[in-house]
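# Remarks on the overall topology
Listed here are the chains, written in short residue letters.
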Amino acid sequence: MQVVISVGGSILAPGNGPDQIAAYADVVDRLADAGHSPGVVVGGGGVAREYIETGRELGANEIELDAIGIAVTRVNARLLLAAMERGPGAPPASTYEVAQRQLQRTDVAVMGGVSPGHTTDAVSAALAEYVGADLLVFATSVEGVFDTDPNVDADATKYEELRPSELVDVIVSLEMNAGSPAPVDLLAAKLIQRAGLHAIVMDGSDSERVLRAVLHDEHEGTEIVPTAE
Ligand code: UTP
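Every chain is numbered independently, its residues counted from 1 as its sequence is written. Side-chain atom pairs in this predicted model are given and counted only at pLDDT of 80 or more, local residue features only at pLDDT of at least 70, and totals for whole chains, interfaces and linings cover all residues. With hydrogens and water stripped out, all remaining heavy atoms of the structure feed into the side-chain values.

## Remarks on the overall build of the chain
Per the convention used, a helix needs a DSSP run of H or I reaching at least four residues, while a strand needs a run of E reaching at least two, with both numbered from the N terminus. A count of helices and strands for the chain gives 8 helices and 7 strands. A compact globule built from 229 residues should have a C-alpha radius of gyration of about 17 Å, and the chain, at 16 Å, falls within 12% of that. Summarising its shape, the C-alpha atoms of the chain cover approximately 45 × 45 × 30 Å along the three principal directions. The buried share of the chain, reckoned over its 229 residues, is 48%. Here a residue-residue contact requires only that any non-hydrogen atoms of the pair lie within 4.5 Å. Sequence separation of at least 24 residues holds for 68% of the intrachain contacts in the chain that already meet a minimum separation of 6. Only the protein chains shown count as covering a residue, and every accessible area follows the Shrake-Rupley method with a 1.4 Å probe. Total accessible area computed for the chain in this model is approximately 10500 Å², and 50% of it derives from carbon and sulfur atoms. Side chains of the chain carry 14 positive and 35 negative charges; the gap between the two charge centres is 7 Å. The reference for a compact globule is 2.2 Å times residues^0.38; the radius of gyration itself is calculated from the C-alpha atoms. Relative accessible area decides the class of each residue, using a 1.4 Å probe on protein chains only: under 20% of the type maximum gives buried, over 50% gives exposed, and in between gives partly exposed. In this tally, Lys and Arg are treated as positive and Asp and Glu as negative; His is ignored, and so are the chain termini. One atom stands in for each charge, and that atom is NZ of Lys, CZ of Arg, CG of Asp or CD of Glu.

Structure below.
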């Protein structure tokens, strides 16, 4: 199965220690050993935000700040590559074409950001569309897609399943509430809808859960199920 895994920078941050990164590398190796083709997209997390905030205070414009963010995602991707047995033997792919070639050659691809103006959520969805992925997994710091921000609303309810168009509607309503960040950004949701992707948004703090989700479709996150709409 062709699977794209989006690992948030808060999950693979160096600050979480090498074990977390090594565990993810092991999961990617095991997926490839089991005959799957994982394409992994790594985010920038708190480290990227720190760099971006400092750059903003120094007067960098938004495109320059995006470039700083992309650089951090690629550094995080290099940490994952460093821990992998079955890596592509190359730096993080900087384009979808290169990622696809890595997948064809080695069954594994690792990348960070691609171009300014969006986040690695959108990169993951675009890669999944590009390579015709069977499954796209967002390994995030939240348990799934909720109707309101679970960090501030004790009554927030998690969706078990959403159609892509419903995901878009939920993300739009979440993004209208300042300080209530959506687990997946709107561009990613739109790409999921356009490509009719099958996706899972789940807590990725334990990499073994991601492995179970891919191998056995067992997870407690939100499943995005494409339907004829
Ligand atoms: P992330 O994908 O980590 O952003 O990229 P995020 O959603 O803010 O982080 P998480 O989900 O909490 O981990 C970090 C930053 O890098 C730039 C953006 O500025 C983004 O905010 N970036 C990343 C791009 O401009 N283009 C890309 O393709 C990827």
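## What to know about the sheet that holds strand β2 (residues 37-42)
Being paired, for any two strands, means DSSP has found at least two bridges between them. With mixed pairing, 7 strands are arranged side by side in an open sheet as β3-β2-β1-β4-β6-β7-β5. The open sheet has two edge strands, β3 (109-111) and β5 (161-162), and neither has a second partner. Axes here mean lines fitted to C-alpha atoms, for a helix over just the part in contact, with angles spanning 0 to 180 degrees between N-to-C directions. Strands β2 and β3 of the sheet are contacted by helix α3 (residues 62-83), whose axis makes an angle of about 140° with β2.

## Here we look at the pattern of salt bridges
We count a salt bridge whenever a side-chain nitrogen from Lys or Arg sits within 4 Å of a carboxyl oxygen from Asp or Glu. According to the stated counting rule, one finds 8 salt bridges in the structure shown. Linking E129 and R194 is a salt bridge whose minimum nitrogen-to-oxygen distance equals 2.7 Å. Within this pair, whereas E129 is found in helix α5 (residues 120-131), its partner R194 is found in helix α7 (residues 186-195), the two being separated by 65 residues in sequence. When its relative accessible area of 61% is taken as the criterion, R194 is described as exposed. The shortest N-O distance in the salt bridge between R209 and D203 comes to 2.8 Å. Judged by relative accessible area, R209 falls into the partly exposed class, the value being 34%. Under the relative-accessibility criterion, D203 is labelled buried at 15%. Members of the salt-bridge network, linked through shared partners, are D26, R30 and E208.

## Quick look at the environment of S165
By the secondary structure assignment, S165 is in helix α6 (residues 164-175). Once the C-alpha coordinates of S165 and G69 are considered, the two residues, 96 residues apart in sequence, prove to be 29 Å apart.

## Comments concerning the nonpolar core
Within the largest apolar cluster, 35 residues are counted, with the highest numbers of intra-cluster contacts made by V4, M111, L127, L136, F138, L167 and I192. Those elements giving two or more residues to this core turn out to be α4 (96-106), β3, α5, β4 (135-140), α6, α7 and β6 (199-203). Beyond its immediate chain neighbours, meaning those up to four positions away, M111 contacts V40, V41, V42, A77, P92, A93, T95, Y96, A99, V123 and L127. Note on terminology: a nonpolar core comprises buried Ala, Val, Leu, Ile, Met, Phe, Trp, Tyr and Cys residues joined through side-chain atoms within 4.5 Å.

## Regarding the site of the ligand
Near, as used in this document, describes a residue that has one of its heavy atoms within 4 Å of the molecule or strand being considered. By nearness alone, 19 residues border the ligand, and G44, D66, V114, S115 and T120 come closest of all. G44 places a polar main-chain atom, nitrogen or oxygen, 2.6 Å from an oxygen atom of the ligand. For the shell around the ligand, the secondary structure elements donating two or more residues are α2 (45-57), α3 and α5. The element best represented in the shell around the ligand is α3, accounting for 4 residues. In this count, Pro and Cys sit with the nonpolar residues alongside Ala, Val, Leu, Ile, Met, Phe, Trp and Tyr, while Asp, Glu, Lys and Arg are called charged and the others, Gly among them, polar. Of the residues that constitute the shell around the ligand, the class distribution is 5 nonpolar, 12 polar and 2 charged. Identification of polar contacts relies on pairs of N or O atoms within 3.5 Å, with a donor-acceptor requirement for protein atoms, meaning one able to donate a hydrogen and the other able to accept it, and with residues adjacent in sequence counted only if both atoms are side-chain atoms.

## Side note on the environment of G35
Looking at the secondary structure, you find G35 in the loop between α1 (18-33) and β2. Taking relative accessible area as the criterion, G35 reaches 52% and is therefore assigned exposed.

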